[in-house]
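Each chain, written out:
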Amino acid sequence: MKRSYWKLVSLSALMWLLPFCLRVVFTTELAIETKNMSKAQTSIEPFEKTSHYLSKGDQYGAFLSIWKNNATVGIYNVLGGVLLGIGTILNLIMNGYITADILASIYTSGGLTIEQLAKFTLPHSIELLGIWMCSGIGLTIARFIFRYIKREVFPEVRELKGLLIYFILGQVIILVAAWLEIYVSLEL
């Protein structure tokens, strides 16, 4: 199961990266559209909450906001497996696009240069590994369901324990990434 799980994590990364890269490539062409999009369309509420906490000097509140948002994304990716992986796949695609959209909005509004964006985002981008690990779990759950439908073997207890360990590890990675974002990246 280890090998097939990590293949699904890699597939998750690709499903996240595809819309992210497409959005980044078309940043200049869509700059006017990005500036005119409403808050609901860009889904930047978590970004605004974190900014609100930081403007008040509340680093702990900002840390909790980031952690809660990313942990929720991971949980949704796991639960999406129950919907035969469709929920997981849609969440990956949507989050890849939204992440690129937020970065594109910051870049096109003249707020930060590409170097500054990289400086602020790369040190804590390990959260993506945690999110992709949770997505791998969701896709593994979908695979288990398909195997059950085909009347093949139902997952063994050791396989389920393995997924639980990967879930905990993924959530710990997300927690560490949120801490790095607030207490390390912002100090740079």
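As a starting point, this report considers the structure included with it. (Residues numbered from 1 in each chain as written. Predicted model: local features only at pLDDT ≥ 70, side-chain atom pairs only at ≥ 80, totals over all residues. Heavy atoms only, no water.)

### Things to note about the packing of aromatic side chains
Any aromatic ring pair is given by two values, namely how distant the centres are and how the planes are angled relative to each other.
Then step 1. In this structure the tally under the stated criterion is 8 aromatic pairs.
Then step 2. Ring pairs connect the aromatic residues Tyr60, Phe63, Trp179 and Tyr183, which therefore count as one cluster. (Phe/Tyr/Trp six-rings, centres within 6.5 Å; stacked < 30°, edge-to-face > 60°.)

### Comments concerning the packing of helix H6 (residues 86–108) against helix H8 (residues 127–149)
Then step 1. At a closest axis distance of 8 Å, the pairing of H6 and H8 adopts a crossing angle of 155°. Accordingly, the angle class assigned to the pair H6 and H8 is roughly antiparallel. Like other packed secondary-structure pairs, H6 and H8 cross with a definite hand, here left-handed. Only Trp132, Ser135, Gly138 and Leu139 of H8 make contact with H6, whose side of the interface consists of Thr88, Ile89 and Leu92.
Then step 2. Across the contact of H6 with H8, the residue classes tally to 4 nonpolar, 3 polar and no charged. (Axes fitted to C-alpha atoms, helices over the stretch in contact; angles between N-to-C directions. Helix = DSSP H or I, 4+ residues; strand = E, 2+ residues; numbered from the N terminus. Parallel < 35°, antiparallel > 145°, perpendicular 65-115°, else oblique. Left-handed = near helix turned anticlockwise from the far one by under 90°. Contact = heavy atoms within 4.5 Å. Nonpolar A, V, L, I, M, F, W, Y, C, P; charged D, E, K, R; others polar.)

### Remarks on the pattern of salt bridges
Then step 1. On inspection of all chains with the given rule, the structure shows 2 salt bridges.
Then step 2. We note a salt bridge from Arg23 to Asp101, for which the minimum N-O separation is 2.8 Å. Linking Arg23 in helix H1 (residues 2–25) with Asp101 in helix H6, this pair joins segments that are 78 residues apart in sequence. Just as Arg23 is buried, Asp101 falls in that class too.
Then step 3. Its salt-bridge partner being Arg158, residue Glu156 comes within 3.0 Å of it at the nearest N-O pair. (Salt bridge = Lys/Arg side-chain N within 4 Å of Asp/Glu carboxyl O. Buried < 20%, exposed > 50% of the residue type's maximum accessible area, 1.4 Å probe, protein only.)

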